[in-house]
Each structure stands twice: as C-alpha cells, then as structure tokens.
Amino acid sequence: MKTLRLIYPQWQGGIISHFVPECTPEEATLGYSLGAQLLDVLAPKPSDQPSAVVPVSMRLEKERPVKHGVSDFDAIAEQTRAALAILESEAPDRVVTLGGECSVSVPVFTYLAKKYGEKTAVLWIDAHPDLNRPGDDYTGYHAMALAACLGEAGEEIGSWFPATIDKSRAFIAGLREWDPQGGTSARQKALGIPHASPEALRETSAPVLEWLESVGAENVVVHLDLDVLDPKEIIPAVGVVEGGMKTDEVVRLLCDVAGVCDIVGLTVAEHMPRTAIQLRRMLARLPLVAG
C-alpha cells in the first residue's frame, strides 16, 4: 500500500486577513502557504514515504477576481488540475495532505472516492460545515470544500473532479459555528448531513463510530481543520471559536476510527502560523540575517 505525502500550500480559497490582526493583510492571506510548509517540517515522515508538492502561485493581486461566484477561481482551477495530475501519476493507495486552506482536501478526496467507490465515507472534523456554494455572500472557496466533495458546489467546480462522495456518507465532527450567509444549519439539515458537537465527543467517539457502522463504511477520508481545536489550549488556525475539541480528544477520535475503518486519506488544513509569521518579519529586519 503506497502512501503519498502531499504538501499543498494553497491559500487562494481563504478571505481571512481581517481575522488575523497581528499580521499584515498580505502576511495573513499568504500565511496558509507557510502553514503547509511548517506542517511538513513538524509532521513525522517515514523514510519510505514518497512526497510531492503541489505548485501554488504566490502572486497576490490587489484585487482578487471573483468568477463563477468564487474568488481566485482561475488560480484554484489550475492548482486543482496540478494536484490531480500528481495523484494520477503517483497512483497512491493512501494520501496524507498537508495544507493550506480547507479546499486542499477536495481533489484528494475525490481521487480516493473514485479509487475506493461507494464504501468510502468522509469524516469532516471542523468548527464549520464548509457547505457554502458559489453565489453565497462569502466567495472564499475553502468554505465550499465539503460541498465540493459531495458534488454540491455547482457545475463549474464539479467538472474538475473524477468522482464525488454521496452526501449520505458524510459526517461533521466538532461543529460549533455556522455561516449565516451560506453554510447554514438549515442547509446542512436539508442535505441530511449529521454532526457531533465537541461536547458530544468530549469523553467518547461513539457518535462517529456508530455512524460509520450505520453506513457500512469500510474506507474513510478524514479532513482535520485545525480550527476545530479549543483556542484555550492552542491557536493553530484562523478560527478562535471557544469550546472546541482538545488535542487529545482529536487523537483519540482518529485512533478509534482507524480501529474500525481503513483511513485512506488524512488532511491537516487551515494552519495559520501567526507567531512564525511575526518572527519571520522580525528576522527579515535583523543585521546580517537580512543580508
């Protein structure tokens, strides 16, 4: 079984600079790229695990164009094609994706959905449902990521991917905030996607394990948005909504899932390295260091 480590520093899906006041707008916008690079440094890497990097443009225009209801649509489309080309060339059985904003999961999960078929489920671990659609007020593609995996993000986006995951095979864990302009609780209910709050998962993984059994899942793709974590313990992402999951709770949940299903895809996304960005800014001003 071949596991590919995919570093995917895509930042174009997020419109988040106003949420990271300690950084300049440019630093915050491009911060997802540094976040992916740092995850690659921090995450253990088995010696026999091949890796690849999705090429991502670092050009930030003053005005970010909106096309088909999505900001930076053309750049995202090009980078999606590049990610799919890597996956098709490498033909991995499993993929560890280090991002980057949430949409880095979409090409990977749709590739794995084609490979493994209807026995595949998606576990979306996130403070938010990511069920926005083109045409919603918020045009950031990262808020449409789960919708795109399920074929619910419109024809233009849907045409990019080799397969989709049926909405009956999606579960959101750690959910605690909805976007009133798009990915609302009403939309989630209409799609029939269940969830468990951080509180429901505080002492047990049972809500997720019981759901996996109920849908007959054999393989699962897991998306871990770092904003699911409790900011009172750690702030690794843009989101700082209180009442999140503890790191030990997330580890327990994923280990329990691995005990009943084959995890064929794992994404770690939305790393916003605020402190590292500030340190980089300082280092760039030091004598000798700056040259």
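Owing to the predicted nature of the structure, the values given are computational and were not obtained by experimental measurement.

S.K.: Would you mind going over the pairing of strand β6 (residues 120-125) in detail, with residue names and values included?
M.R.: A regular strand carries its side chains on alternate faces of the sheet. Here β6 lies mainly inside the structure; six of its six residues are buried. Bridge count between β6 and strand β9 (residues 219-225): six bridges; the pairing is parallel. What sits directly across from W124, in β9, is H223. As paired strands, β6 and strand β7 (residues 170-173) are joined by four bridges and run parallel to one another. Paired with W124 across the bridge in β7 is I172.

S.K.: So, the packing of aromatic side chains: which residues are in play, and what are the values?
M.R.: All told, the structure shown has five aromatic pairs when counted by the stated rule. Measuring from ring centre to ring centre gives 5.8 Å for W160 and F161, while their planes differ by 75°; the resulting arrangement is edge-to-face. Here W160 matches F161 in class, with each residue buried. An angle of 45° between the planes, with centres 5.3 Å apart, marks the rings of F171 and W211 as tilted.

S.K.: Quick one: what's the story with the packing of helix α3 (residues 73-90) against helix α4 (residues 105-116), residue by residue and with numbers?
M.R.: The interhelical angle for the contact between α3 and α4, taken along N-to-C directions, is 40°, at an axis separation of 9 Å. Classified by the angle between their axes, α3 and α4 sit oblique to one another. Like other packed secondary-structure pairs, α3 and α4 cross with a definite hand, here right-handed. Residues T80, A83, L84 and L87 of α3 touch α4, and the partners they reach there are P107, V108 and Y111.

The rules we used
Residues numbered from 1 in each chain as written. Predicted model: local features only at pLDDT ≥ 70, side-chain atom pairs only at ≥ 80, totals over all residues. Heavy atoms only, no water. Buried < 20%, exposed > 50% of the residue type's maximum accessible area, 1.4 Å probe, protein only. Helix = DSSP H or I, 4+ residues; strand = E, 2+ residues; numbered from the N terminus. Pairing = 2+ DSSP bridges. Phe/Tyr/Trp six-rings, centres within 6.5 Å; stacked < 30°, edge-to-face > 60°. Axes fitted to C-alpha atoms, helices over the stretch in contact; angles between N-to-C directions. Parallel < 35°, antiparallel > 145°, perpendicular 65-115°, else oblique. Left-handed = near helix turned anticlockwise from the far one by under 90°. Contact = heavy atoms within 4.5 Å.

Remember that the coordinates give geometry; whether it matters functionally is a separate question.
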